[in-house]
Amino acid sequence: NVYYRVKTQKHGWLSEVKNLEDYAGWENSPITGLAIKVDKGSIKYRVHIKNGGWLGWIKTYNIKDWAKGCAGTRTKDIDGIQFDFGGVNGYEAKYRVSLTGTNKYLDWVTGYNNTSDGYAGIFGKTIDKVQVEIVKK
C-alpha cells in the first residue's frame with residue numbers, strides 16, 4: 001500500500017489517500033507540498049518547482065518537517081514529481097498528475113531508474129492532483 005497527501009496554498013494539507021481510493025489534490029488549486037509513504041519496501045520522492053528546479057530527495061513522511069519529511073515549499077507551485085520505490089522485488093511505483101485547469105490526467109509514469117527520468121508533469125504547468133499505486137512490473 002502507498003499513502004500520500006498534498007498541500008495546496010489555498011487549502012493547506014489535505015487528507016491522506018491510500019492507493020487509488022481517491023486522488024490527492026483540489027481541483028484548480030496548485031500543489032505546493034507532497035508527502036508519501038509505503039507499508040512495505042521503501043520510497044523516496046522529490047518535486048520540481050515551477051520556474052525553478054528539482055528539490056532534494058525525501059525518504060520520510062512528516063508534514064511538519066519541510067527539510068526531511070515532505071517535498072516542496074510552503075508557497076511555490078509544483079510542476080513535476082518523481083518517485084523511486086524499492087525493496088520489494090518485482091514491484092514499482094506508478095503515478096500520474098493532473099495539470100491545473102485541465103481536469104484531465106497526464107499518462108501514467110513508472111518510477112525513476114537508470115533508464116528513465118520517471119517524472120510526471122510538464123515543466124511550467126502546475127499540478128493540482130496526484131494519484132499513486134504500487135504495481136507489479
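Everything numeric in this text was worked out from a predicted model, so none of it was measured.

Student: Any details on the overall build of the chain? Residues and values, ideally.
Tutor: On a plain count of helices and strands, the chain comes out with zero helices and twelve strands. The helix and strand sequence of the chain, counted from the amino end, reads β-β-β-β-β-β-β-β-β-β-β-β. In terms of overall dimensions, the chain is globule-like: its C-alpha atoms have a radius of gyration of 13 Å, near the 14 Å expected for 137 residues. For the C-alpha atoms alone, the extent of the chain along its principal axes is close to 40 × 30 × 30 Å. Burial status across the chain gives 42% buried among its 137 residues.

Student: Which residues make up the side chain of Thr 126, and what values do they have?
Tutor: For Thr 126, the position within the fold is in the loop between β11 (119–121) and β12 (127–136). Exposure remark for Thr 126: the relative accessible area of 11% places this residue in the buried category. At 2.8 Å, the side chain of Thr 126 and the side chain of Thr 100 are in polar contact.

Student: Break down the side chain of Glu 133 for me, citing the residues and quoting the values.
Tutor: Tracing the backbone shows Glu 133 in strand β12. If near-sequence neighbours (up to four positions away) are discounted, Glu 133 is found in contact with Val 2, Leu 20, Glu 92, Ala 93, Lys 94 and Trp 108.

Student: Hey, could you go over the sheet that holds strand β9 (residues 91–99) for me, with residue numbers and the actual values?
Tutor: With antiparallel pairing, the four strands of this open sheet are ordered in space as β4-β12-β9-β10. Edge positions in the sheet fall to β4 (24–25) and β10 (109–110), since each has one partner strand and no second. Pairing of β9 with β12 involves nine bridges; the strand directions are antiparallel. What sits directly across from Val 97, in β12, is Val 130.

Student: How would you summarise the environment of Tyr 91 if you had to cite specific residues and measurements?
Tutor: With respect to the helices and strands, Tyr 91 occurs in strand β9. Accessibility expressed as a relative area gives 31% for Tyr 91, which makes it partly exposed. For Tyr 91, the contacting residues outside a window of four places in its chain are Phe 85, Ile 134, Val 135, Lys 136 and Lys 137.

Here is what the cut-offs are and how they apply
Residues numbered from 1 in each chain as written. Predicted model: local features only at pLDDT ≥ 70, side-chain atom pairs only at ≥ 80, totals over all residues. Heavy atoms only, no water. Helix = DSSP H or I, 4+ residues; strand = E, 2+ residues; numbered from the N terminus. Rg over C-alpha atoms; globule rule 2.2 N^0.38 Å. Buried < 20%, exposed > 50% of the residue type's maximum accessible area, 1.4 Å probe, protein only. Polar contact = N/O pair within 3.5 Å; in protein donor to acceptor, adjacent residues only side chain to side chain. Contact = heavy atoms within 4.5 Å. Pairing = 2+ DSSP bridges.

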